[in-house]
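Residue-level structure breakdown
Below are the chains, spelled out letter by letter.
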Amino acid sequence: GKRAVSPIYTFGAPDPEEAGSVQNDSEPYLQNDMDFMIRLNMRHVLVDFKEKGYFETYDGEKVMSDDFRGVYVAGGTEPLSWEFESLPQKPHFKLRDPDGDGIYEVTVRFKQFQMLEYNADDSRWELQHDVSQYPRYKSDIVLSDALYNMSLEELQLDIRPDGAFMAGAKWPGVWTRDISYSILLSLAMLNPDASKKSLMAKVKKERIIQDTGTGGSWPVSTDRMTWALAAWEVYLVTGDGDWLKTAYHIIKNSAEDDLNTAYNHETGLMYGESSFLDWREQTYPRWMDPKDIYRSQNLGTNAVHYQTYRILEKMAAILGEPETVFAETAKSIRDGINKYLWIDEKGFYGQYLYGRNYLSLSPRSETLGEALTVLFDIADENQQHSIFENTPVIAFGAPCIFPQIPNIPPYHNDGIWPFVVSYWTWAAALAQNTNAVEHGLASIYRAAALFLTNKENFVASTADFMGTEINSDRQLWSVAGNLAMVYRVLFGMKFTPEGLLFQPFIPKSLAGTSSLNHFEYRNAKLDIKISGYGNQIKSFRFDGEKMEQAFIPNNVNGNHSIEIEMANNEIKSPAINLRENTFAPETPVVKSSAGTLNWEPVDGASTYFIYKNGKHIQTTSANHYEIPETDEYSEYQVLAVDSRGWKSFLSEPVVITGAAEVITIQAEKFGARSDTRYQGYSGSGYIPLDKEVNNEIQFPVKIEAPGLYAIDVHYANGNGPINTNNKCAIRTLSMHGERVGAVIMAQRGIEQWDDWGFSNSLKINLPEGEHQLSLSFTESDNNMNVEVNFALLDYVRLIRVPDMSREK
């Protein structure tokens, strides 16, 4: 192989002019393996560490010298990755200073570009495995039949030796959201036994497991409740009463924990990360850390929670369980979604509420969430039609979000996921939008046929899987989504407690005759034939007898035939919002100095919106804003808008407040101190919070100025990285013995116990006088690890904040 040495880059400075000479424009691809030494000047950083004790980055963040763990290289060319949070686990990407001269270096081996040679066998697929145990599908469209059989074969290959489903060719594990979304799409009807086994693999202490995730998993991420959707669908298909009892208690236990730990009584919405969109910078602004993500209230995640409580209500009725708050909770979530997330002027739902003590709505669309609001009847009929008319889609399908985030490589961002498009297409059929259904089917079938496998995702702007951050063949939910297009859309199957309902949706472009033989439903085997096109049924025959309804009761037994003749009616629907793939402006980085907000001009931005406490207060074309003088707590943010009207994310809030508005209570005065000596704390020490040590501590506080207070804690949690593991620390905050809410102390880095930060805040009205606060460990504070639930507590903070709910 060859060797090359980079020019010396300077940390935090533009690239040197000679950087371009490293590349040879005439040969854009490596012709041989290359060992490339990357050099970085860190001298100015080290000087600041020595003289000031910190280095200030371009965006105003201070890196304390005691917190410096090293410098790493990231990138989009293999073997490099843009997954920043995992870099500390990759020492081969760490730059080092072997001779102590302040020039750090690392050598990375890049592989030569391999031009794929054409192989005729790579351009064809042929069934190799026995799939006769599954329903047999045959239509007048050869491609549709082939993709169905290919998907059945991949489904068979995705069954592990233990009988559970794996997530895909690259992913041998069982993941809660992957298996659950897949089961709801089609796996419950194709293999209910493997579905049950897979679901039970995601249960611990009679509760649903939230997989490893942001900030130490649950409750920063709360979409484990997708399990409930899948478990209910398995019951609807099988009628298994024992399974219903088992699932009910698992879901109920999990939902009750969520109500304690992840429910916002003000909005009626659930906290937590976007469902499945769980790679922080892929769908969130960079400034949002795990506590901010926990505080966000997302469309897709809340749709899942809404349906969960509806399912619990139905399960309880069947099992004769006493009445509960399930229906009331479901209603509050639905009301909250429609009140806080629907955007009238756009005609679809926004992505999530986000911010700090004051939240704003991100106006991006989120395709999976939009689809779930239709499938679960959260959106009313007018809203359902509006969603498919107005939500932006692009030539190759419906992207996960729109518009895209700049300077973030394709995965969830700038990506199309076939399973998401499957939910979108299923929902479009229910909303009677032919254009959206045809567009969705084309997206799914094009990718599967082109790549001869059900890929995990592909780049939105190219429709190629090459260029995505991570990908896999026979991804389980892509397989399940492809199959669902037959069952859910073309045959229109809907399972209810009473029986099986047929609501076919067949665009004229797919007119013809198709059959589905040996389809198992409870104690029956069905041979189903459907002919024609449209969304209206002309006749429905069961064993040759014409029926008034296209419905099979749940007590049907034995072998039966069904014939469905469509009315060949035209399904007139409005056009979809087909757009060019679009990137929003970059998020401004805002600093405060001498009473003025300042930010660097954002590329492409024509104007900037100034926000105060979550409300738009002014528009400017300048890159500064003078802050009115006040001692009242205020959070300022800036949003960039380009000439086309596309908006960036809001910047990280800049807090302006008077010292008199802030009360701090040092923890070491009220609990057993830690005997460790980490740096960066305030006061004279800190205390450990463990399940046995300091599991309840009391904090007296004297309030002189009554009002609304935001209460949070300053803590450290070095039990894991920001992006994985399951050791989020959780405690219950109470006042005078009455529960206020959950304090979430998310992981902040592996063994980084001197990296201190703030938890989420809880708002409470405090009258003048003495008050007794407590921080305690309760049963509902168990995290996904169960054994380790530990953090270091520096102090409790109370800030008097304006009560925006009282403003008109």
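Refer to the structure printed above.
Here we summarise the structure given alongside this text. Predicted model only: the values in this text are computed from it and were never measured. (Residues numbered from 1 in each chain as written. Predicted model: local features only at pLDDT ≥ 70, side-chain atom pairs only at ≥ 80, totals over all residues. Heavy atoms only, no water.)

1. Quick notes on the overall build of the protein
Keep this limit in mind: Runs of H or I in DSSP of at least four residues are treated as helices and runs of E of at least two as strands, each being numbered from the N terminus. Two things to know: the radius of gyration comes from C-alpha atoms, and the globule rule equals 2.2 Å times the number of residues to the power 0.38. Only heavy atoms matter for contacts: two residues are in contact if any of them lie within 4.5 Å across the pair. Using a 1.4 Å probe, accessible areas were evaluated by the Shrake-Rupley method; residue-level cover was limited to the displayed protein chains. His is not counted, nor are the chain ends, whereas Lys and Arg count as positive and Asp and Glu as negative. Taken as the charge location is NZ of Lys, CZ of Arg, CG of Asp or CD of Glu.
When helices and strands are counted, the protein shows 14 helices and 48 strands. Relative to a compact globule of 808 residues, whose C-alpha radius of gyration would be 28 Å, the protein shows 28 Å and is just as compact. Dimensions of the protein, computed from C-alpha atoms along their principal axes, come out at roughly 85 × 70 × 50 Å. Taking all contacts inside the protein whose residues are at least 6 apart in sequence as the whole, residues at least 24 apart take part in 72%. When the accessible surface of the protein is split by element, carbon and sulfur atoms take 48% of a total near 34,000 Å². Side-chain charges in the protein split into 73 positive and 108 negative, and the spacing between the mean points of these groups amounts to 2 Å.

2. Quick look at the sheet that holds strand 30 (residues 590-593)
Formally: Here the rule is simple: two strands pair whenever DSSP picks up at least two bridges between them. Axis definition: a line fitted to C-alpha atoms, over the contacting stretch in the case of helices. Angles run 0 to 180 degrees between N-to-C directions.
Ordered in space as 30-31-34, the three strands form an open sheet in which the pairing is antiparallel. Edge positions in the open sheet fall to strand 30 and strand 34 (624-626), since each of these has one partner strand only. Looking at each pair of strands side by side, their axes are set apart by 20° on average, direction ignored. Direction of pairing for strand 31 (residues 596-599) relative to strand 34: antiparallel, over a ladder of three bridges. Paired with N598 across the two strands is H624, which belongs to strand 34.

3. Points about the packing of aromatic side chains
Rules: A pair of aromatic rings is counted whenever rings of Phe, Tyr or Trp (Trp by its six-membered ring) have centres within 6.5 Å, and the orientation is called stacked for planes under 30 degrees apart, edge-to-face for over 60 and tilted otherwise. Only protein chains enter the accessibility calculation, which uses a 1.4 Å probe; a residue whose area is less than 20% of its type maximum is buried, one above 50% is exposed, and one in between is partly exposed. In this scheme, Lys NZ or Arg CZ marks a charge over a ring once it lies within 6 Å of the ring centre and within 35 degrees of the ring normal.
What the rule picks out here adds up to 43 aromatic pairs. Between Y181 and W477 the ring centres are 6.4 Å apart and the planes differ by 45°, which places this aromatic pair in the tilted class. Of this pair, Y181 sits in helix 3 (residues 176-190) while W477 sits in helix 14 (residues 476-490), and the two are 296 residues apart along the sequence. Comparing Y181 with W477 shows no difference in burial state: the two are buried. Taken together, the ring pairs in this structure connect Y181, F276, W279, Y411, W417, F419, Y423, W426 and W477 into an aromatic cluster. If you follow K455 out to its NZ or CZ, it ends over the ring of F465, 3.9 Å from the centre.

4. As for helix 4 (residues 192-200)
Considered for burial, the residues of helix 4 that qualify are A194, S195, K196, S198 and L199. Tucked into the core, helix 4 has its buried residues touching helix 3, strand 9 (203-204), helix 5 (226-238) and helix 6 (241-261).

5. Some remarks on the side chain of E370
Counted only if it meets this: A pairing counts as a salt bridge when a side-chain nitrogen of Lys or Arg comes within 4 Å of a carboxyl oxygen of Asp or Glu. Polar contacts, as used here, are pairs of N or O atoms within 3.5 Å; protein pairs need one atom able to donate a hydrogen and one able to accept it. Residues neighboring in sequence count only if both atoms are side-chain atoms.
With respect to the helices and strands, E370 occurs in helix 10 (residues 367-375). There is no salt bridge for the buried E370, and the closest opposite charge comes from K346, which lies 10 Å off by N-O distance. Reaching out from E370, the side chain makes a polar contact with the backbone nitrogen of Y349 at a distance of 3.2 Å.

6. Description of unusual backbone geometry
Backbone torsion omega between W218 and P219 reads 5°, so that peptide bond is classified as cis. Mapped onto the fold, P219 is located in the loop between strand 10 (207-208) and helix 5. Note that the residue after F402, namely P403, is joined by a cis bond; omega there is 0°. Its location among the elements puts P403 in the loop between strand 18 (401-402) and strand 19 (415-416). For H518, which is not glycine, the phi torsion reads 60° and is therefore positive.

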